[in-house]
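Coordinate analysis (summary)
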Amino acid sequence: MRQLATQTCFLIASLLLVSGVSFAQTDEYKEGKHFVRLPMQFASADEGSSDKSKETIEVIEFFSYGCEHCYRFEVFIQDWLKTKASDVSFKREHVGWNSYWKTLARAFYVAEDLKLSPKIHNAMFKAIHDHGIVMNQERKLMTLFDNVEDVDPDTFKEKFWSDEVEERISDAKTKDRLWRIAAHGTPCLVVGGEYLVDVQMVGGKKDELFPVVDFLIERIRSERNDNKAFSQETEG
């Protein structure tokens, strides 16, 4: 009897220990301290287009080529992209908080629209932050695109002022306004359209941003699975 009681106590202690670890992991990052819940959700253009898109958790970096912190953050993005799960997608939105950054945003969406390689992305950062070039003129941007990706100047100019690029800029501006990105600064990351984490929330340590992002991805994934299970039970 005493042996059974001892085994029972050991089992309870073990369960409490495991439970304690689980709670510790769950409470590792706190809402309002390490991340914030967005004031409202923004319906993306491709939402509901397929079952796969509904299941994908999108991570968006809000950045600017004119932001040195964004340039220094690139190495952490590339490391994270090598390890992200298959149900997680990544994209960027370029903010336009002044006339210079608006010009840079236009160039970014030209590259996106033309589906150019990351070479343009890297070249833009290096030109501004390594070589000190102020890329505030269409002519300078046209030359960079021509030199790096052999983009015809006429094609560049047509895309630079196209309706497609204007629409992308407008879309980014709407997200910026609805999610109050300017209050958080760049770079900052929006996870699943629900949560935001910025550099200040992790004590200025850029390498600490993606651990929070991964925590939020798992949180969203778990919530979606719970909702799916509930729906199946209700339908059953």
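Just above sits the structure.
Residues numbered from 1 in each chain as written. Predicted model: local features only at pLDDT ≥ 70, side-chain atom pairs only at ≥ 80, totals over all residues. Heavy atoms only, no water.

Let's talk about the overall build of the chain
Across its full length, the chain carries nine helices and five strands. Listed by position from the N terminus, the elements making up the chain come as α-β-α-β-α-β-α-α-α-α-α-β-β-α. Within the span of the chain, comprising 236 residues, buried residues form 37% of the whole. For the chain, the share of sequence-separated contacts (at least 6 apart) that also reach a separation of at least 24 residues comes to 72%. (Helix = DSSP H or I, 4+ residues; strand = E, 2+ residues; numbered from the N terminus. Buried < 20%, exposed > 50% of the residue type's maximum accessible area, 1.4 Å probe, protein only. Contact = heavy atoms within 4.5 Å.)

A look at the packing of aromatic side chains
The full count for this structure, using the stated rule, is 19 aromatic pairs. Both rings, one in F63 and one in F108, keep their centres 5.2 Å apart while their planes meet at 80°; by these two values the pair is edge-to-face. One end of the pair, F63, is in strand 2 (residues 57-63); the other, F108, is in helix 4 (residues 99-113), and 45 residues separate them in sequence. By relative accessible area, F63 is classed as buried at 0%. On the basis of relative accessibility, which here comes to 5%, the residue F108 falls in the buried class. The structure contains a cluster of three or more aromatic residues connected by ring pairs, namely F63, Y65, Y71, F108, Y109 and F125. (Phe/Tyr/Trp six-rings, centres within 6.5 Å; stacked < 30°, edge-to-face > 60°.)

Remarks on the sheet that holds strand 1 (residues 36-37)
Strand order in the open sheet formed by five strands is 1-5-4-2-3, with mixed pairing between adjacent strands. Two strands lie at the open edges of the sheet, namely strand 1 and strand 3 (88-94), each paired on one side alone. Sheet analysis places strand 1 next to strand 5 (residues 195-198), joined by two bridges and oriented antiparallel. In the strand pairing of strand 5, R37 is matched with Y195. Its contacts with the sheet put helix 4 on strand 2 and strand 3, and the angle it makes with strand 3 is roughly 140°. (Pairing = 2+ DSSP bridges. Axes fitted to C-alpha atoms, helices over the stretch in contact; angles between N-to-C directions.)

Notes on the environment of A127
Inspection of the secondary structure puts A127 in helix 5 (residues 118-129). Accessibility expressed as a relative area gives 7% for A127, which makes it buried. Spatially, the C-alpha atom of A127 lies 8.9 Å from that of L144, the residues being 17 residues apart in sequence. Among residues more than four places away in sequence, those in contact with A127 are G132, I133, M135 and L144.

Remarks on the pairing of strand 4 (residues 188-191)
Across the two faces of strand 4 the burial is the same, with C188 and V190 and L189 and V191 all buried. Pairing geometry for strand 2 and strand 4, over four bridges, is antiparallel. Bridge pairing links F62 to C188 in strand 4. Pairing of strand 4 with strand 5, which is carried by four bridges, proceeds in the antiparallel orientation.

Comments concerning the side chain of T103
In this structure, T103 sits in helix 4. A relative accessible area of 18% places T103 in the buried class. Among the polar contacts made by the side chain of T103, one reaches the main-chain carbonyl oxygen of S99 at a distance of 3.1 Å. (Polar contact = N/O pair within 3.5 Å; in protein donor to acceptor, adjacent residues only side chain to side chain.)

Describing the environment of L116
In this fold, L116 is placed in the loop between helix 4 and helix 5. Sequence spacing of L116 and F145 is 29 residues, and the spatial spacing of their C-alpha atoms is 9.5 Å.

Here's the deal with the side chain of H34
Structurally, the position occupied by H34 is in the loop between helix 1 (2-26) and strand 1. Dropping the residues within four chain positions of it, H34 is found in contact with E28, Y29, V197, M201 and V212.

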